[in-house]
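# Descriptive analysis of the structure
Okay, here's what each chain looks like letter by letter:
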Amino acid sequence: MRAVRQLLLFLTVCLSSQVWGGTVALVLSDSGSAYAEFSSALSEALLGTNWRVISTTTGDNMPPVGDSPNLTVTVGSEALRRTLARGETSLIIATLLPRQSYDKLIAEHRRPTGRITAIYLDQPPARQAAFLRHLLPGNKRVGMLVSNETRSLATPYRQAFNAAGMTLDSEDTDTGDTLLPAINALLPRVGALLAIPDGTIYQRSNIKPILISAFRQQRPVIAYSVAFVNAGAMAALHTTASQIAQQTAELITSNPSSLPPPSPPTQFSIAINRTVAQALNLNPPDEAVLRRAMIADRENR
Amino acid sequence: MNDLTLRHRLLMLTLLPSTLISIILVAYFTFSGIKTLEGELTLKGMATVRYLAPISEYGIIAGQIEGLHGLAQATVQEPGVKAAIIVNQKGKTIAVSGRVSLSADILRQSVNEPQKVAETEGWIGFGAPVRRSLSEADVLFEPVNGPAAAPEVIGHVFVEFDKTELTNQQRQLLHRGLIIALVGLLLLAALAIAMADNLTRPVLRLVQAVRNMSSGHFDARVPTNSTGELGILEAGFNEMAAHIENVHSQMQSRIEEATAQLAFQARHDALTGLLNRREFEVRLEKALTGVQASGDEFSVLFLDLDRFKQVNDTCGYLAGDELLRQVSHLLQGRLRDEDTLARLGGDEFCVILPACNAQRAWQVAEDICSLTGSYRFIWQDKVFAIGSSIGVTTVNRKVRNISEILAAGDAACHRAKESGRNRVCRQDASQPQERRQDGSNWASRIASALNDGRLLIEAVPLSALQKPPNGHVVELTARLNEPGQSPVTLAALSDAAERYDLAPRIDQMLLDAAFTALARARRQRKSLYCIVPLSRASISSRETAEYIGRGLLEHRLNGRELCLIFSEDTLTHMTSQAMAFVHQVLPLNCQVGLADFGGGLASFSHLRSIGPKYVKLSGSLTRDLNGNRASSALLRAIHEITADQGIDTIADEIEDPVILDQLRDLGIDYAQGKAVAPSEPFEVWLEGAVLRPA
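Residues numbered from 1 in each chain as written. Chains lettered and ligands numbered in written order. Predicted model: local features only at pLDDT ≥ 70, side-chain atom pairs only at ≥ 80, totals over all residues.

## Details of the overall build of chain B
Using the following cut-off: Secondary structure elements are defined from DSSP: runs of H or I of at least 4 residues count as helices, runs of E of at least 2 residues count as strands, and each element is numbered from the N terminus. Buried residues are those with 20 or more other C-beta atoms within 10 Å of their own C-beta, exposed residues have 12 or fewer, and partly exposed residues lie in between; C-beta atoms are placed from the backbone. Once C-beta atoms have been placed from the backbone, residue pairs whose C-beta atoms lie within 7 Å are recorded as contacts.
The number of helices and strands found in chain B is 22 helices and 22 strands. Taken across its 694 residues, chain B has 36% of its residues classed as buried. Long-range pairs, those at least 24 residues apart, make up 66% of the contacts in chain B with a sequence separation of at least 6.

## What to know about the sheet that holds strand β4 (residues 123–131) of chain B
Residue and element names in this part refer to chain B. This is how the line gets drawn: Between any two strands, pairing holds if DSSP finds at least two bridges. Throughout, an axis means a line fitted to C-alpha atoms (over the contacting stretch in the case of helices), and angles, computed between N-to-C directions, take values from 0 to 180 degrees.
Taken in spatial order, the five strands make up an open sheet running β2-β1-β5-β4-β3, and their pairing is antiparallel. Sheet topology places β2 (93–98) and β3 (115–119) at the edges, where each strand pairs with a single neighbour. Adjacent strand axes in the sheet meet at a mean angle of 20°, parallel and antiparallel pairs treated alike. In this sheet, β4 lies alongside β3 in antiparallel orientation, the contact comprising four bridges. Note that in β4 the partner of Q115 across the bridge is G127. Relative to β2, helix α2 (residues 65–77) is tilted by about 30°, and along the sheet it contacts β1 (81–88), β2 and β5 (153–162).

## A few points about the sheet that holds strand β5 (residues 116–120) of chain A
Residues and elements named next belong to chain A. Here five strands make up an open sheet; going across it, the order is β2-β1-β3-β4-β5 and the pairing parallel. Of all strands in the sheet, those bounded by a partner on one side alone are β2 (51–57) and β5. Strand-to-strand, the axes of this sheet are offset by a mean angle of 20°, without reference to chain direction. Looking at chain direction, strand β3 (residues 71–75) and strand β4 (residues 91–97) are connected through five bridges and run parallel. Note that in β4 the partner of V73 across the bridge is I93. Its contacts with the sheet place helix α2 (residues 33–46) against β1 (22–28), β2, β3 and β4, and it is angled at close to 160° to β2. Lying on the sheet, helix α3 (residues 77–85) is in contact with β1, β3 and β4; it crosses β3 at an angle near 140°.

## With respect to the interface of chain A and chain B
Here is the rule we go by: For this classification, the nonpolar set comprises Ala, Val, Leu, Ile, Met, Phe, Trp, Tyr, Cys and Pro, the charged set comprises Asp, Glu, Lys and Arg, and every other residue, Gly included, is treated as polar.
Taken residue by residue, the interface counts 27 residues in chain A and 18 residues in chain B. It is helix α8 (residues 204–216) of chain A that contributes the most residues to the side of chain A that touches chain B, seven residues altogether. For the side of chain A that touches chain B, the class distribution of residues is 14 nonpolar, nine polar and four charged.

## Overview of α8(A)
As a reminder, the rule being used: By definition here, a helix of n residues has an expected span of 1.5 Å times n minus one.
Compared with an ideal rise of 1.5 Å per residue, which puts 13 residues at 18 Å, α8(A) spans 19 Å between its outermost C-alpha atoms and is within 8% of the ideal. For α8(A), every residue scored as buried is listed here: N206(A), I207(A), P209(A), I210(A), L211(A), S213(A) and A214(A). Where α8(A) is buried, its residues meet α7 (176–186), β8 (192–194), β9 (221–223) and α9 (226–231) of chain A together with α1 (6–62) of chain B. Following α8(A) by one or two positions, Q218(A) has its phi on the positive side, about 55°.

## Some remarks on unusual backbone geometry
Residue and element names in this part refer to chain B. Of note, the phi angle at R525 is positive, near 55°, even though the residue is not glycine. Within the element layout of this structure, R525 appears in the loop between α13 (503–523) and β16 (528–533). Residue classification places R525 among the exposed residues on the basis of 6 C-beta atoms within 10 Å. Its identity is not glycine, yet N589 carries a phi of approximately 70°, on the positive side. By the secondary structure assignment, N589 is in the loop between α17 (575–585) and β18 (591–597).

So this is what it looks like as structure tokens:
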């Protein structure tokens with residue numbers, strides 16, 4: 001089944017490349033490793049198509065006049081912000097940014113629908129629920145901290161968890177002062193804490209107290225990035241820059257004239273901090289096993 | 001500084017720098033130790049707050065007051081920690097433990113990094129900020145326009161440390177340092193003193209030894225038990241001292257020797273080894289004192305050599321010295337051991353004859369006189385007849401001092417010399433005597449006599465014994481007439497005259513008188529023949545012949561009436577000069593005669609060499625003619641030889657008419673003396689005997 005899909009994708013790409021073709025301007029937030037990884041992965045994926053990357057900039061400088069690209073791919077929130085700020089007229093695919101940032105920037109710079117789309121970093125709630133179900137099979141109650149930014153997401157999550165046979169409990173916190181009381185109130189009620197991208201709650205200065213609080217109460221934190229796992233979260237469901245690039249290339253080569261609405265990443269990766277797991281007396285399954293289980297789950301539905 | 005002793009200098013040299021260094025070292029280490037302790041405390045405090053701050057972070061964030069109290073208490077448990085305070089962002093104390101001394105102001109102040117916030121005598125406070133720690137987050141999820149927030153300060157921790165312990169430790173360190181310094185210094189001082197003593201002891205010994213040496217203790221030595229340079233110094237000093245002692249003793253003995261020699265020389269005559277004048281006077285003084293005490297008598301002989309000057313002039317002073325030595329031996333051989341023989345100077349000798357009366361002394365004097373008279377001094381090829389004039393004086397207790405003795409003896413000796421030499425005269429010391437003219441006055445006496453005309457020319461007429469007289473024959477002589485003095489004959493004058501170069505003037509005076517007399521006699525057509533004696537000096541001078549030539553020419557005289565007579569001695573000892581003189585005067589037709597003929601051994605050889613007209617026989621041949629066969633045989637032999645050569649013989653000083661007859665019998669041609677005619681002033685004789693009208 002997977003092979004068939006890949007073959008189809010390949011054929012689509014080949015076909016469209018024959019029909020469509022154009023230029024892509026790549027705008028990176030900076031030259032950091034994730035962006036570089038994305039850039040090279042995208043270039044690689046576009047090889048053999050009619051699309052080619054004509055420029056790779058950080059968006060500070062204006063691209064050469066008279067040779068405007070058919071499509072602009074922004075990598076990272078900052079790249080999108082700069083691109084929007086300079087009034088880019090071509091189609092824009094925003095990648096490698098949280099949904100929150102995209103929404104905020106779009107709200108600031110109005111763009112007609114169909115001229116801009118995005119591939120978020122945020123994992124879909126169903127996938128998260130599936131992940132948690134396989135990761136912590138005995139746990140039925142999952143807690144989540146929400147702020148003004150993410151309060152709207154609480155309902156889809158709750159529905160997804162319910163669908164997966166789990167209960168999502170949430171606690172509101174909008175300031176630093178209320179964070180620890182909220183977490184201390186939430187954790188005793190749930191078996192794990194699910195962290196979703198939220199600029200108000202999960203700041204660099206807050207991650208440590210959150211992790212310590214969770215650890216003191218022997219609750220695992222399920223996060224959204226590898227960095228979070230390295231900082232002390234037990235596991236994370238995430239999508240790598242290459243995977244996003246791959247998805248982006250697919251999008252470019254499929255139908256660039258009219259862009260689809262923003263979508264979550266289609267592919268994902270799993271990161272598990274075994275040390276933390278041991279400290280919490282948990283023994284989560286292997287990443288590959290988890291991944292297979294999740295894919296099997298999706299196909300079964 | 002300069003008047004410090006060696007020991008003090010050594011002590012100062014060793015103690016001063018080491019004391020300074022040790023004090024500096026101990027002070028340095030003590031204070032650095034104190035600093036280190038302080039530094040350690042600071043480090044400990046800083047470390048404590050640095051550790052306390054992060055672990056307080058969660059408690060502050062989470063508001064876990066109990067946990068923070070636990071942390072504060074745990075911190076206070078640390079040694080030296082007095083109090084621990086944790087304050088929140090607003091400066092409100094949320095946990096505290098221990099006795100807090102920090103003021104509320106300090107607790108409220110914001111501290112940016114771990115640091116010391118307060119310090120007093122008793123405690124020290126440190127503070128550090130508690131920062132919110134930042135976790136590494138995924139950049140992709142950073143909010144857009146999110147400020148790069150600096151780590152937020154969420155509170156402070158303060159820790160107070162008690163300094164009592166530190167102060168105690170510091171005090172202990174200081175005490176220990178002081179004790180170490182003190183002990184070290186004491187040890188150092190003891191060591192330095194021992195070293196200084198060790199070094200200075202031998203030096204002080206050397207110093208003492210040098211002092212002893214310089215104060216005359218040449219036996220000063222130092223023990224040579226030191227090593228190294230001091231040992232060398234000590235050994236060297238001892239060697240030097242031994243050398244100096246040795247040299248000193250040698251010098252001492254030399255000085256003693258020299259002193260003895262000087263003492264001997266002071267008392268003795270260098271030439272003859274006899275006592276000198278000074279010692280003689282001392283002995284004389286002693287003898288006089290003895291005589292004055294005991295009442296005994298002793299006699300003193302004053303002896304003056306005759307013809308000593310002649311030897312000296314003819315053969316040099318070496319011969320004179322030798323003569324004096326020989327005479328000394330001669331006299332010593334004849335004297336007793338107890339007699340004291342001394343040389344007073346020149347040719348004067350003195351003999352003290354202890355316990356000897358006048359009669360015995362006279363005999364001794366006669367004995368010595370004949371001894372010296374018969375003594376012949378031989379020098380190279382020349383033979384001298386010496387004689388001595390001796391004055392005898394006898395000393396008894398009436399004599400008051402030695403000056404009287406000396407004066408009497410001198411006068412007696414002088415009289416003996418004036419009376420014709422080689423004889424003995426006597427003078428009593430106790431009797432006042434006429435003052436003798438000092439010998440050194442002769443020059444002025446003769447000179448003034450010549451100037452004042454007090455030197456009278458006398459005529460000694462000669463009597464022809466064999467044939468009838470053909471005119472008058474006279475010998476000219478002179479006599480010194482001084483007021484209050486007895487007349488002095490030419491014979492007595494001649495020594496002094498020769499010595500002071502006055503003899504030629506006397507000779508010229510005689511010659512002048514002869515020229516005048518001969519001139520006058522010729523004018524009166526009277527026959528006169530003059531015999532003029534010439535001194536040794538005149539014979540040796542070329543001017544004499546010239547003077548005679550001028551005189552003859554001036555008075556238009558034929559030299560045939562003039563006979564120049566000189567002593568055979570002169571011919572013997574000044575042969576070449578005498579021969580030259582004879583060859584000078586013979587062309588003037590003058591005739592030459594020899595006086596004192598027969599006294600020497602070479603008399604006969606002279607007859608041939610100079611061919612004299614007359615010879616005047618030596619007094620020794622004619623004096624004891626009476627009954628002496630040897631003398632008469634000798635005279636006869638002389639007569640035979642002289643007669644054979646046409647030489648006339650003259651016998652002088654004939655006082656006895658009997659002898660005159662004997663002489664006539666022996667064939668002697670002329671005689672003079674009292675038996676013939678007394679000598680009388682020449683002018684008187686000339687007027688009376690020659691120029692008297694027939």
